[in-house]
Amino acid sequence: MNGDTLHPRNRHSTNGKLNGKEKTKVAEMKKKLLSDVGGYGWLSNAYFMKWTVEDVFGVVKYHPIPCIFAALMLFFMGVEYTLRMIPASSPPFDLGFIVTIPLNRLLAARPALNTLFAGLNTVFVAMQTAYILGTLLIEGRPRATISALFMFTFRGILGYATQLPLPEDFLGSGADFPVGNVSFFLFYSGHVAASVIASLDMKRMQRWELARVFDALNVLQVVRLLSTRGHYTIDLAVGIGAGILFDSMAGNYVETKTKICAANGNNGTTSPKQETGVKYQSVSSN
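All values reported here derive from a predicted model rather than from experimental measurement.

We now examine the overall build of the chain. Looking only at helices and strands, one finds 11 helices and two strands in the chain. Each helix and strand of the chain, placed in order from N terminus to C terminus, yields the pattern α-α-α-α-α-α-α-α-α-α-α-β-β. By residue count, 30% of the 286 residues in the chain fall in the buried class. Of the roughly 19,000 Å² of accessible surface on the chain, a fraction of 67% belongs to carbon and sulfur atoms.

If you want it as structure tokens, here you go:
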């Protein structure tokens, strides 16, 4: 038995180097080995495997806001896992309540001033209601009204599903809404959500001055509700998000109904009108 029999590679290579076929075979073996140990294989086509250093730095350069959110997410993950929970026997911790302690003491010491602010807030609620209903009854635009119906329905469901305790230092008033200090759902704030719905409709219709007035009054409403402990901070924050969410849902609903009516030959309720470039169906019949 000669050396060629023991080392057949020598018959196909020069000076111990692999030829083309052998290099391909070795590469395939390496790939299979890495796949078997989980280091490659199914990850070969993963999106991140194609990233370059330039791509990574490009994310920071061209998308700074999501990167900031990613950093804050990691920060609050650390806070969440290290923060001591509030004892069951203690009232909830609310940063908005802490910030508004001076206003809470002022309103507690001056009930007449509290009643005045409550009455003004009730007037603002009436303004919201009048505008939202007016978009439907006067202008024939249903989106804001549908949005409010969505919002208050889901508020009722969530408010009943998780009933939060009324803060101990709540400052009620007979002039407030709901009128007469009746019980109400805390989560989430219908006051704030309805204000956002009305403001968004104003902006769609390019009623900028009125929208700015409503936004400013909404900020004052938030401060007052925190000062009187009428809502927790989370109720108000989610109220803003709820207004935006249900306005979007109502827009999708109206647009879908319009397309269905158009596909059916505009039978039934078929009065297409214009709402900032988007056709929708009114609730009236031709």
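This is not the end of the story, as more comes after the structure.
What follows is about the UniProt feature "transmembrane region" (unreviewed entry) in the chain. In this numbering, the UniProt entry assigns the feature "transmembrane region" (unreviewed entry) to residues 62–83, 119–138, 145–162 and 182–200. Along residues 119–138, the helical share is 95% and the strand share 0%, with 27 Å between the first and last C-alpha atoms. Within the segment residues 145–162, helix and strand shares are 94% and 0% respectively, and the terminal C-alpha atoms sit 26 Å apart.

Attention now moves to the nonpolar core. Ranked by internal contacts, the top residues of the largest apolar core, which has 16 residues, are Ile132, Met151, Tyr188, Ala198 and Met202. Contributing elements (two or more residues each) for this core: helix 7 (111–137), helix 8 (143–161), helix 9 (190–204), helix 10 (208–227) and helix 11 (233–263). Element by element, the count of residues in this core is highest for helix 9, at five residues. Discounting residues that sit within four places of it in the chain, tyrosine 188 has contacts with Met151, Phe154, Arg155, Leu158, Ala193, His231, Asp235, Val238, Gly239, Ala242 and Phe246. With eight residues, the next largest nonpolar core counts Val192, Leu225, Leu226 and Tyr232 among its residues.

Side chains of Tyr47, Phe48, Met49, Trp51, Val53, Val56 and Phe57 sit close together on the surface and give an oily, nonpolar patch of about 810 Å² of accessible area. By secondary structure assignment, the location of phenylalanine 57 is in helix 3 (residues 53–62). Residue classification places phenylalanine 57 among the exposed residues on the basis of a relative accessible area of 58%.

Turning next to helix 9. End to end, helix 9 covers 21 Å across 15 residues, agreeing with the expected 21 Å (1.5 Å per residue, within 8%). Within helix 9, 13 of the 15 residues are buried, leaving the element largely enclosed by the surrounding structure. Where helix 9 begins, the side chain of serine 189 points an oxygen toward the backbone nitrogen of histidine 191, at a separation of 3.5 Å. Downstream of helix 9 by a residue or two, glutamine 206 has a phi angle that is positive, lying close to 60 degrees.

The next point concerns the pattern of salt bridges. Within the structure shown, the criterion is met by 11 salt bridges. Between arginine 143 and aspartate 247 there is a salt bridge; the shortest N-O distance is 3.0 Å. In this pair, arginine 143 is assigned in helix 8 and aspartate 247 in helix 11, connecting sequence segments 104 residues apart. Here the two residues arginine 143 and aspartate 247 agree in accessibility, since each one is buried. When salt bridges that share partners are traced, they join Glu139, Arg141, Arg143, Asp201, Arg204, Arg207 and Asp247 into one network.

Here we take up the packing of helix 8 against helix 9. A pair of packed helices is captured by two measures, namely the crossing angle of their axes and the spacing between those axes. One can describe the packing of helix 8 onto helix 9 by two numbers: an axis separation of 10 Å at closest approach and a directional angle of 160 degrees. Between helix 8 and helix 9, the angle is such that the two are roughly antiparallel. By crossing handedness, the relation of helix 8 to helix 9 is classed as right-handed. Contacts from Arg143, Ala144, Ser147, Ala148, Met151, Phe152 and Arg155 in helix 8 reach Gly190, Ala193, Ala194, Ile197, Asp201 and Arg204 in helix 9. Split into classes, the residues belonging to the contact of helix 8 with helix 9 amount to seven nonpolar, two polar and four charged.

So, how was this worked out
- Residues numbered from 1 in each chain as written.
- Predicted model: local features only at pLDDT ≥ 70, side-chain atom pairs only at ≥ 80, totals over all residues.
- Heavy atoms only, no water.
- Helix = DSSP H or I, 4+ residues; strand = E, 2+ residues; numbered from the N terminus.
- Buried < 20%, exposed > 50% of the residue type's maximum accessible area, 1.4 Å probe, protein only.
- Areas by Shrake-Rupley, 256 points an atom, 1.4 Å probe, with all protein chains shown as cover.
- UniProt positions renumbered as here; feature names shortened; annotations may be inferred.
- Core = buried A, V, L, I, M, F, W, Y, C linked by side-chain atoms within 4.5 Å.
- Contact = heavy atoms within 4.5 Å.
- Patch = residues over 30% accessible without salt bridge, like charges linked within 9 Å, V, L, I, M, F, W, Y side chains within 5 Å.
- Salt bridge = Lys/Arg side-chain N within 4 Å of Asp/Glu carboxyl O.
- Expected span 1.5 Å × (residues − 1).
- Polar contact = N/O pair within 3.5 Å; in protein donor to acceptor, adjacent residues only side chain to side chain.
- Axes fitted to C-alpha atoms, helices over the stretch in contact; angles between N-to-C directions.
- Parallel < 35°, antiparallel > 145°, perpendicular 65-115°, else oblique.
- Left-handed = near helix turned anticlockwise from the far one by under 90°.
- Nonpolar A, V, L, I, M, F, W, Y, C, P; charged D, E, K, R; others polar.

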